[in-house]
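What the coordinates show
Now for the letters of each chain:
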Amino acid sequence: MRTILTIQSHVAFGHVGNRAAVFPLERLGFDAIAVNTVQFSNHTGYGAWTGMVLPPDHIADVLKGVEARGAMDGVHAVLTGYMGDAALGDVVLSAVARAKQGKADALYCCDPVMGDVGRGFFVRPGIPEFFRDRAVPQADIITPNQFELEFLTGHTVTDLSSALSATKAARKLGPRWVMVTSLTRSDAPDDSIEMLLDGPDGAFLVATPRLDLSPMPNGAGDCVAALFLAKFLETGDGQLALSHAASAIYAVFRATRDAGQRELQIIAAQDQLVHPSRFFSASRVD
């Protein structure tokens, strides 16, 4: 069984961070080693929460214990997301280096969680700069949303052409694959939402219907990053991994809407994570 080390936030209630990533990874057949960067009662989108950002020394100690069990030797990929504090950066990159040691095919998938359109930045000072200057250049795959892509590259995205210019600029920072988890552009139908992948094999776009979800559930980007990484590791096919991730998260959104809930209905839609009943194929756009 292949193993993914996932270093992200944890909430007791709801599905964001590791709570949105670990279950999909496991349903897709991967063993997930989950290391939590924060422990909150719920995600910060509610405006109020309890809990704490875990200190870097604590996380380093947990990783040291994982390594002592020999588990790092079996890690095929590292997935990182919400960090909580820029001081954690050295710990995260050290874990990535250790996991990739002696394994030319091991991957680092960085979800540069910083902010979103309409909300702006929602992380502590220093974190955006850490992602841009240190984490992204070392990543094999990055999964920014549109807001994060614009920050990383300095490119404003308004249409498909500018989106492709931004993803190509992001690839020049170091990653081989750039997957934009939510793309909204002027030259696309208003009733759809898109995801864009740019990599060595070209650029691919997939669209799914825009569902009426208000407020929009948090954690979708965390879930999509996990789905894409797992399917990419399984198949080595970026186009197929993009198609699968979009189809699976659409099914989760639909289950969330049907349940009338704010939190992603990942458990209710668990079979759809593996075999989406409605499949949306990505098309080449370059």
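Per an unreviewed UniProt entry, the protein chain goes by the name pyridoxal kinase and belongs to Niveispirillum cyanobacteriorum.

1. Points about the overall build of the protein chain
Regarding its fold elements, the protein chain presents 9 helices and 12 strands. What you see for the protein chain is a C-alpha radius of gyration of 17 Å, in line with the 19 Å of a compact globule of 286 residues. Counting only C-alpha atoms, the protein chain reaches 50 × 40 × 40 Å along its principal axes. Nonlocal contacts in the protein chain, meaning residues at least 24 apart in sequence, comprise 68% of its contacts between residues at least 6 apart. Distance between charge centroids for the protein chain: 2 Å, based on 24 positive and 31 negative side chains.

2. Side note on the pattern of salt bridges
This model, assessed by the stated rule, comprises 14 salt bridges. A salt bridge links Arg27 to Asp271; the nearest nitrogen and oxygen atoms lie 2.7 Å apart. In this pair, Arg27 sits in helix 1 (residues 18–27) while Asp271 sits in helix 9 (residues 270–274), placing the two residues 244 residues apart along the sequence. The partly exposed category is assigned to Arg27, whose relative accessible area is 27%. The structure contains a network of salt bridges with shared partners spanning Glu67, Asp73 and Arg98.

3. Digging into the packing of aromatic side chains
All chains considered together, the criterion is met by 6 aromatic pairs. Ring centres of Phe228 and Phe232 lie 5.9 Å apart, and the angle between their planes is 15 degrees; on these two criteria the pair is classed as stacked. Separated by 4 residues within a single helix, Phe228 and Phe232 lie in helix 7 (residues 220–235), roughly one turn from each other. Summarising the burial analysis for this pair, Phe228 and Phe232 share the class buried. One aromatic cluster is present, built from ring pairs that chain together Trp177, Phe228 and Phe232.

4. Details of the UniProt feature "domain: Pyridoxamine kinase/Phosphomethylpyrimidine kinase" (unreviewed entry) in the protein chain
If you check UniProt for "domain: Pyridoxamine kinase/Phosphomethylpyrimidine kinase" (unreviewed entry), the listed places come out as residues 53–261 in our numbering. The span residues 53–261 carries 46% helix and 19% strand; its end-to-end C-alpha distance comes to 27 Å.

5. Re the sheet that holds strand 12 (residues 283–284)
Taken in spatial order, the 10 strands make up an open sheet running 3-2-1-4-5-8-9-10-11-12, and their pairing is mixed. In this open sheet, the two strands that pair with only one neighbour each are strand 3 (51–53) and strand 12. Bridge count for strand 2 (residues 31–40) against strand 3 is 3 bridges, and the pairing is antiparallel. Counterpart to Val38 in the pairing with strand 3 is Val53. Where helix 6 (residues 160–172) meets the sheet, its contacts fall on strand 8 (141–142), strand 9 (177–183), strand 10 (192–199) and strand 11 (202–209), and the angle it forms with strand 10 comes to roughly 40 degrees. Along the sheet, helix 8 (residues 238–259) makes contact with strand 9, strand 10, strand 11 and strand 12, crossing strand 11 at roughly 15 degrees.

6. Thoughts on the nonpolar core
Ranked by internal contacts, the top residues of the largest apolar core, which has 51 residues, are Leu5, Leu63, Tyr108, Phe131 and Ile142. Apart from residues lying up to four places away in sequence, Leu63 is in contact with Leu5, Ile7, Val35, Val91 and Ala95. If you look at the next biggest cluster of nonpolar residues, it comprises 49 residues, including Leu28, Cys109, Leu229 and Ala269.

7. Focus: the packing of helix 7 against helix 8
Relative to each other, helix 7 and helix 8 sit at 145 degrees, their axes nearing to 8 Å. In the packing of helix 7 onto helix 8, the handedness of the crossing is right-handed. Of the residues in helix 8, those touching helix 7 at Ala220, Cys223, Val224, Leu227, Phe228, Lys231, Phe232 and Thr235 are Gly238, Leu240, Ala241, Leu242, His244, Ala245, Ala248, Ile249 and Phe253. Partitioning the contact of helix 7 with helix 8 into residue classes produces 13 nonpolar, 3 polar and 1 charged.

8. Some thoughts on the pairing of strand 2
Where strand 1 (residues 3–11) and strand 2 come together, 8 bridges link them in parallel fashion. By the bridge assignment for strand 2, Leu5 is matched with Ile33. Where the polypeptide runs from strand 1 across helix 1 and back to strand 2, its parallel neighbour, the crossover connection is right-handed.

9. Observations concerning the side chain of Thr153
Note on placement: Thr153 falls in helix 5 (residues 146–153). Once residues within four sequence positions are removed from consideration, Thr153 is found in contact with Ala166, Ala169 and Ala170.

Here is what the cut-offs are and how they apply
- Residues numbered from 1 in each chain as written.
- Predicted model: local features only at pLDDT ≥ 70, side-chain atom pairs only at ≥ 80, totals over all residues.
- Heavy atoms only, no water.
- Helix = DSSP H or I, 4+ residues; strand = E, 2+ residues; numbered from the N terminus.
- Rg over C-alpha atoms; globule rule 2.2 N^0.38 Å.
- Contact = heavy atoms within 4.5 Å.
- Lys, Arg positive; Asp, Glu negative; His and termini not counted.
- Charge placed at Lys NZ, Arg CZ, Asp CG, Glu CD.
- Salt bridge = Lys/Arg side-chain N within 4 Å of Asp/Glu carboxyl O.
- Buried < 20%, exposed > 50% of the residue type's maximum accessible area, 1.4 Å probe, protein only.
- Phe/Tyr/Trp six-rings, centres within 6.5 Å; stacked < 30°, edge-to-face > 60°.
- UniProt positions renumbered as here; feature names shortened; annotations may be inferred.
- Pairing = 2+ DSSP bridges.
- Axes fitted to C-alpha atoms, helices over the stretch in contact; angles between N-to-C directions.
- Core = buried A, V, L, I, M, F, W, Y, C linked by side-chain atoms within 4.5 Å.
- Left-handed = near helix turned anticlockwise from the far one by under 90°.
- Nonpolar A, V, L, I, M, F, W, Y, C, P; charged D, E, K, R; others polar.
- Right-handed = clockwise from strand over helix to strand, strands pointing away.

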